[in-house]
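Each chain, letter by letter, is given below.
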Amino acid sequence: MKITMRIPSLVFLMTSMASAEMVGVDIDIHEDVLGGKSWGLSGPYEKMIGTMYFEVDPSNSANEIIVDIEHAPTNAQGNVEFSANFVLIKPKQVERGNGTVVLGVANRGTRRMLTFFNHGHDEHGEWDAVNPTAEEHFGDGFLMEQGFTLLWVGWQFDVPLSRPHGSRVFVPRVDPDEPIEGLVRSDFVVREKIFDRTLADRNHVPYPVSDPDAPESVLTVRDDVEDERQVIPRDQWDFARLENIDSQEGIGEVVPDQTRVYLESGFEPHRIYEVIYKAENPEVIGLGLAALRDAVSAFKYGSSDDLNIPPGSINHGIGYGMSQPGRTLRTLIYMGFNEDEQHRKAFDGIIAQIGGAARGSFNLRFGQASRDAHPFLNFFYPTDIFPFTDVEQTDPVTGVTGGMLSHVPEEFMPKVYNVNSSYEYWGRVSSLLTTTVDGEQDAPMLDEHARVYHFAGAQHLPAEFPPTQTNGQNLNNPNDFSWFMRALLVRMNEWVVEGTPAPPSRYPLILDETLVVPEEVNFPNIPNINFPTKTHKAYRVDYGPRFVSEGVITKEPPEIGPAFPILVPQVNEDGNELGGLRTPGLVVPLATYTGWNLYNTEYGPTDTASHMSGSFIPFYATKVEREAQGDPRLSLEERYENRDHYLGLVAAEAIQLIEEGYLLDQDLREILEQAGVIWDSIDN
Amino acid sequence: MLSGTPLITRNHLLMISMRNAILCVLLSVSVATAEVVRIDVEIRDDVAGGNSYGLAGPYERLAGKIYYEIDPTNSANQNIIDLGYAPLNAQGRVEFSADFYLVKPKDINSGNQTVFLDVMNRGRKRILRYFNRATATDAPRITEDFGDGFLLRQGFTLLYVGWQFDVPSQVDLMRVYAPVATANDHSIQGLVRSDFVVQEQTYDHSLGDRRHIPYVVANPGDPRNTLTVRDSPAGDRIFIPREEWQFGRLEDGRMVADSTRIYLAGGFEPHRIYEAVFVSEGSPIAGLGLAAMRDTISRLKYGSTESLGIPAGAINRALAFGDSQAGRFLRNYLYDGFNEDEAREKVFDGLIIHTGSNARGSFNHRFAQPSRAIDANYFYPGDQFPFSDVLQKDPITGIEDSLLGNVRSETIPKIFYTNTSTEYWRLPTALIHTNVDGTKDVPPADTSRIYLFSGTQHVPAQFPETHSDGLRVGNPNDYTWFLRSLLLKLNDWTRDVDSPPDSRYPMVGDGTLVELEALKFPIIPRVKRPVEVSRAYRLDYGSEFESSGIISKEPPERIGIFPFLVPQVAADGNEIVGLRSPELAVPLATHTGWNPYSPNASQGSYIPFARNRTAREASDDARLSIGERYESREQYFGLVTDEALMLIKDGYLLSEDLPAILRSAGAHWDYLMRD
């Protein structure tokens with residue numbers, strides 16, 4: 001179960017990236033991208049896949065922030081060794097590129113920049129191909145034509161083994177004289193009755209229970225997040241799995257398993273189970289953040305013959321993370337990982353996309369990096385934790401003061417984007433990113449260094465068009481904000497390279513009432529559409545006295561304090577949001593686009609916002625149809641004279657956004673074509 | 001033969017060549033291929049304040065002079081008229097030089113490996129205006145001079161090499177410095193013809209065209225010097241008695257002798273065609289201008305020029321763009337076989353021959369006058385057969401030839417022939433894609449494409465025009481968006497990464513290319529469509545012209561007229577076929593390539609539709625009004641968008657230009673519908 005660390009061949013190692021803490025690379029695959037196809041002025045690209053080897057000095061002040069590093073095994077030089085797999089896609093002549101490396105922080109092992117920015121496709125899945133080789137894997141080549149060097153370095157040690165080629169870091173476990181013990185909590189909700197389940201989140205590598213028979217292990221069940229936990233008698237469950245099962249009857253052979261929990265009567269759908277147990281000698285997971293830091297520093301300040309990167313050819317680094325990795329990057333900056341061992345700035349720019357106002361379990365003892373926080377998935381993990389805003393604030397309830405960026409020294413301060421969709425407001429308490437802790441006022445922005453962009457009327461990630469229904473009651477939301485992200489990435493690069501400030505922040509404000517308490521949202525009364533009555537909440541959570549100072553959770557389950565105030569974007573009479581960056585298709589709408597959806601009966605409680613999905617609720621084509629259905633929203637024919645009229649309005653809106661810097665000239669064509677496709681699908 | 005001119009025969013020429021060939025053997029091989037022998041860089045500095053143009057990075061400019069030596073015995077040089085009369089240096093080579101101006105990425109390896117040569121028009125730089133939407137300047141240096149930076153962001157290396165020896169003496173106009181044809185220590189004499197039309201009564205006029213450096217009269221008293229006048233190009237010439245005019249100018253009310261000007265005692269009357277024919281001497285070897293261009297490109301592609309910061313291998317493709325005169329120059333360059341260097345290598349990989357119509361020009365013959373156009377000036381060399389890429393037979397002369405007839409197939413470049421509507425109205429431009437009697441369509445070579453920019457004038461007019469005389473308003477239909485896309489397509493085609501968009505031009509076969517009489521132009525109040533055009537003729541310049549580039553018959557004899565076909569129009573007066581800009585396809589006006597109310601033959605017309613039905617009916621305008629065509633501005637805008645998207649898909653427009661194209665359409669609507 002444990003992934004063993006590759007032992008590097010030392011002599012070979014010391015040759016490259018001499019100035020950095022990255023001490024060597026092994027390259028398993030090195031080939032031209034698409035047979036040497038040229039991407040504009042960037043020329044042909046090459047791809048390398050392999051392993052990077054790192055050594056860090058545990059006594060260096062830049063490394064003292066790594067939880068448990070003092071317990072990590074060291075080599076003869078007193079350094080801690082670890083490694084990470086990597087994928088590098090770079091101009092063959094890197095000087096022909098734009099001199100910027102974009103480090104893509106993988107999400108649970110999946111790499112996503114080619115699919116998200118380039119609109120690439122992989123027939124095997126929704127994310128980047130594990131070894132991109134085909135034309136469609138690279139999409140329209142946007143990132144290549146821009147001249148970026150793309151790098152993915154593993155940072156998460158517990159990526160599901162079902163993703164053998166996923167981005168992964170190989171870190172040592174602590175090796176103390178006395179075993180280090182700690183509490184691990186694992187909660188889960190199942191969709192259909194099952195008898196055993198992994199202790200980890202979504203197939204990740206679990207922390208095994210150290211003593212399966214220890215009496216303090218406890219399993220509870222409850223029906224709602226805030227309900228009281230009911231303890232399930234210890235004799236009804238075990239650390240075990242069922243083999244040779246008759247799934248209907250639950251009859252089979254119970255086999256002891258330190259990584260799974262088994263319940264005799266079976267786990268019932270839609271109930272919240274939670275097991276708390278002890279484990280020992282965890283991996284030093286914070287080395288994953290050091291891998292990101294040291295990789296980008298090595299590219300910027302070092303050189304590598306092996307990677308065909310001459311000195312001075314890469315001068316800037318941008319970290320890009322989507323969803324969980326957005327939180328990873330927020331955590332990295334917050335904890336001080338943007339200063340490397342030689343006290344230089346690692347990342348020049350950080351793009352935390354759809355990470356909400358949150359951080360995560362990325363540098364904690366027994367941290368479970370995959371654990372997040374959704375309305376009905378993963379509860380009370382250290383995700384939505386104070387502080388939230390870039391500027392310093394005081395929580396009036398706890399009296400604690402802090403800010404996300406306010407303590408970062410100028411010399412290590414990157415430019416930072418926090419970019420979110422409406423989903424993060426409904427499912428991820430995103431409003432805390434821009435409000436005072438009491439939710440009464442808009443918080444000041446750190447305009448010199450940071451931007452906040454809200455993609456109005458969008459879900460976590462845009463659905464394909466035509467959209468399907470997955471976990472919600474409504475169709476998923478196809479409002480495509482990737483066009484904004486392409487422009488914003490270019491703007492970020494201009495900001496860090498040329499010093500040209502990125503376009504102004506755009507997000508809903510308390511001041512102009514575009515950000516309101518959920519009860520005040522004037523959502524129209526659309527037939528058969530239920531407006532959510534419950535939103536995701538974030539609480540002040542007490543993980544015990546050693547949590548903030550040492551990264552050690554001593555209280556499981558943690559103690560839950562008062563919830564933070566949550567605000568959401570206000571909407572117009574169509575149900576579409578007023579504030580933030582609005583796509584042309586939202587401003588000139590054919591539908592209501594929301595950041596929320598409600599679970600359908602298969603997935604969860606039907607009054608609860610479903611995880612990561614929003615809604616697409618088209619208008620009717622004609623007045624007759626709409627009136628027959630009692631839909632208060634004007635029909636297409638009441639809004640637009642015809643398709644051309646509609647398209648003209650969309651074009652005008654898009655041009656406005658181009659002028660403001662939020663969209664790229666070159667993307668207008670596809671934006672308009674997409675708008676035409678949506679019209680055609682609704683008008684027919 | 002002319003008195004005082006030594007009789008030089010083809011045999012003599014051959015003897016000179018042989019003598020040089022013998023000398024050549026004695027010289028080292030390395031010198032034999034060094035056509036560019038020296039480059040003097042007088043200016044080298046950053047442009048646009050060191051601004052970075054995307055991945056191409058910052059640019060710099062280098063300007064100065066290039067020195068050439070060519071071997072008159074090399075077969076690649078046999079096409080240079082009068083080269084046999086050029087003075088030779090000790091190595092038996094002909095020396096000449098040319099101004100150059102280079103705008104390149106500071107780090108040449110950041111560029112796109114393509115040199116883009118601007119065949120300047122009468123010494124003036126053109127490509128930044130056409131491709132970068134810049135205000136024209138002849139010494140581009142500051143950011144504004146580079147417009148929106150298009151060519152720079154694309155990574156092109158921009159090159160300008162002087163090729164015309166007689167450009168006006170003016171700062172920043174670039175020229176070639178060519179030796180004068182000389183035989184037995186005397187410069188050769190010959191006939192020069194100079195015609196002109198004045199707009200108001202004038203007493204003296206230059207013998208050159210439009211401030212160009214004129215040829216001097218060799219002997220004012222020579223009886224062969226004549227002056228005639230006529231009222232139409234084809235009208236009979238009336239000789240003006242010799243005592244009424246002089247080679248001179250009026251100064252303080254007195255005639256002063258001047259070998260470069262002509263003076264008429266009674267004054268030249270406006271709008272009449274005057275024509276002087278005189279014996280001159282001192283004919284620069286004009287064709288060295290073509291060789292200068294050839295050899296500079298060849299050096300950049302196949303050699304290395306450290307002094308320009310261009311190491312070997314940094315440039316591996318060459319494209320050229322020429323408009324109007326410069327477009328005709330490129331047709332001439334091709335036809336005369338200059339796309340092959342002394343080492344038999346291909347020079348240009350691609351050409352955009354813009355508004356070059358069906359013509360060539362006065363660029364490589366004795367006593368050439370490169371500035372002389374073929375419509376405002378009359379009967380200068382230009383409209384000579386052949387016109388099309390593929391072999392045609394002139395039914396009158398029986399001669400068979402093609403424009404590419406002298407180009408070895410390995411050195412044929414990829415060619416885009418682009419023309420505006422104006423070229424179809426000024427000249428028999430249709431001959432580039434019809435047979436010589438205009439009865440059948442003839443496709444271009446596989447290596448060429450032909451595009452008509454429908455409903456456009458020679459160079460797009462400013463919009464909106466500042467003056468108020470509606471009948472003279474020029475045509476603002478902006479085809480430069482097409483040129484941007486086509487340039488990139490051409491570059492891709494030369495790299496074999498993409499095939500170019502299909503040709504788009506009107507055809508006889510489907511009735512979209514018609515005789516003037518068949519044009520179905522709508523009735524528009526106050527607008528009179530042209531009923532006659534300036535026709536082109538087969539011309540006889542004497543027996544030595546084709547073989548030796550010597551004009552012995554001035555004025556030339558007209559021996560037959562070429563057919564004249566124009567693009568057919570739709571009910572709104574706009575052309576049906578060709579590359580129709582979104583604003584033409586979704587029109588708010590009639591856009592034409594002609595304008596009978598303008599004295600400027602290269603101006604078209606812009607005739608807006610009536611705003612609404614009431615206004616239209618009140619003015620008896622046959623064309624539907626804007627209000628009848630479109631329900632709203634947004635609908636109009638949407639239709640324009642659809643058209644633009646289609647043109648992008650077909651490769652005729654660039655995605656990145658779409659916002660600007662749409663903005664301009666919106667501004668057009670707002671202008672016409674303003675209160």
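Everything here concerns the structure above.
What counts, and at which threshold
Residues numbered from 1 in each chain as written. Chains lettered and ligands numbered in written order. Predicted model: local features only at pLDDT ≥ 70, side-chain atom pairs only at ≥ 80, totals over all residues. Helix = DSSP H or I, 4+ residues; strand = E, 2+ residues; numbered from the N terminus. Rg over C-alpha atoms; globule rule 2.2 N^0.38 Å. Buried ≥ 20, exposed ≤ 12 C-beta atoms within 10 Å, placed from the backbone. Contact = placed C-beta atoms within 7 Å. Nonpolar A, V, L, I, M, F, W, Y, C, P; charged D, E, K, R; others polar. Expected span 1.5 Å × (residues − 1). Pairing = 2+ DSSP bridges.

What follows concerns the overall build of chain A. A count of helical and extended segments in chain A gives 13 helices and 27 strands. For chain A, the C-alpha radius of gyration of 25 Å lies close to 26 Å, the compact-globule estimate for 684 residues. Judged by the C-alpha coordinates and their principal axes, chain A covers about 75 × 65 × 55 Å. Counting only residues that meet the buried cut, chain A has 54% of its 684 residues in that class.

The next thing to look at is the overall build of chain B. Within chain B, the secondary structure is distributed over 14 helices and 29 strands. Taken over the C-alpha trace, chain B has a radius of gyration of 26 Å; the compact-globule value for 675 residues is 26 Å, and the two agree within 12%. By its C-alpha atoms, chain B is 80 × 65 × 55 Å across when sized along the principal axes. The buried share of chain B, reckoned over its 675 residues, is 51%. Pairs at least 24 residues apart make up 71% of the contacts formed inside chain B by residues separated by at least 6 positions.

Bringing the interface of chain A and chain B into the picture now. Many analyses report the size of an interface as the accessible area lost when the parts associate. Counting from both sides, the interface comprises 25 residues of chain A and, opposite them, 24 residues of chain B. Contributions of two or more residues to the side of chain A that touches chain B are made by α12 (643-660) and α13 (668-683) of chain A. In terms of residues, the side of chain A that touches chain B owes the most to one element, α12(A), which gives 11 residues. Among the residues making up the side of chain A that touches chain B, the classes are represented as 10 nonpolar, seven polar and eight charged.

This paragraph deals with helix α14 (residues 658-672) of chain B. Counted at 1.5 Å a residue, the expected span for α14(B) with its 15 residues is 21 Å, and the 21 Å between its end C-alpha atoms agrees. Here α14(B) has its buried residues at B:L658, B:P659, B:I661, B:L662, B:A665, B:H668 and B:W669. Where α14(B) is buried, its residues meet α12 and α13 of chain A together with α8 (480-494), α10 (582-585) and α13 (633-649) of chain B.

Residue and element names in this part refer to chain B. By the secondary structure assignment, N364 is in the loop between β19 (350-354) and β20 (392-393). Spatially, the C-alpha atoms of N364 and A76 are 14 Å apart, while their sequence positions differ by 288 residues. When sequence neighbours within four positions are dropped, the list of residues in contact with N364 reads I80, I81, A286, G287, L290, N332, D336 and G549.

Quick look at α8(B) now. Residues and elements named next belong to chain B. Taking 1.5 Å per residue as the helical rise, α8 with its 15 residues ought to reach 21 Å, and the 21 Å between its terminal C-alpha atoms agrees with that figure. In terms of burial, α8 is largely enclosed, as 12 of its 15 residues are buried. Residues of α8 that are buried: W481, F482, L483, R484, S485, L486, L487, K489, L490, N491, W493 and T494. With its phi angle positive at about 60°, D496 sits one or two positions after the end of α8.

Residues and elements named next belong to chain B. As summarised here, the arrangement of the three strands in space is β10-β16-β13, forming an open sheet in which the pairing is antiparallel. In this open sheet, the two strands that pair with only one neighbour each are β10 (202-206) and β13 (245-246). Sheet topology note: the β10/strand β16 (residues 261-268) ladder contains four bridges and is antiparallel. What sits directly across from D204, in β16, is Y263.

All names here are of chain B. In space, the four strands of this open sheet follow the order β9-β17-β11-β12, with antiparallel pairing throughout. Two strands in the sheet have a free side with no partner beyond their single neighbour: β9 (189-196) and β12 (238-239). Judged from the five bridges that link them, strand β11 (residues 226-230) and strand β17 (residues 273-281) form a sheet pairing that is antiparallel. Residue R230 lies in a different strand from β17, and its bridge partner there is I273.

To continue, consider unusual backbone geometry. Following A:F386, the chain continues into A:P387 via a peptide bond in cis, with omega recorded as 0°. Note on placement: A:P387 falls in the loop between β17 (349-353) and β18 (393-394). In this model, B:F385 is joined to B:P386 through a cis peptide bond whose omega is 0°. A positive phi angle, close to 60°, is found at A:E513, a residue other than glycine. Within the fold, A:E513 resides in the loop between α7 (482-498) and β22 (515-516).

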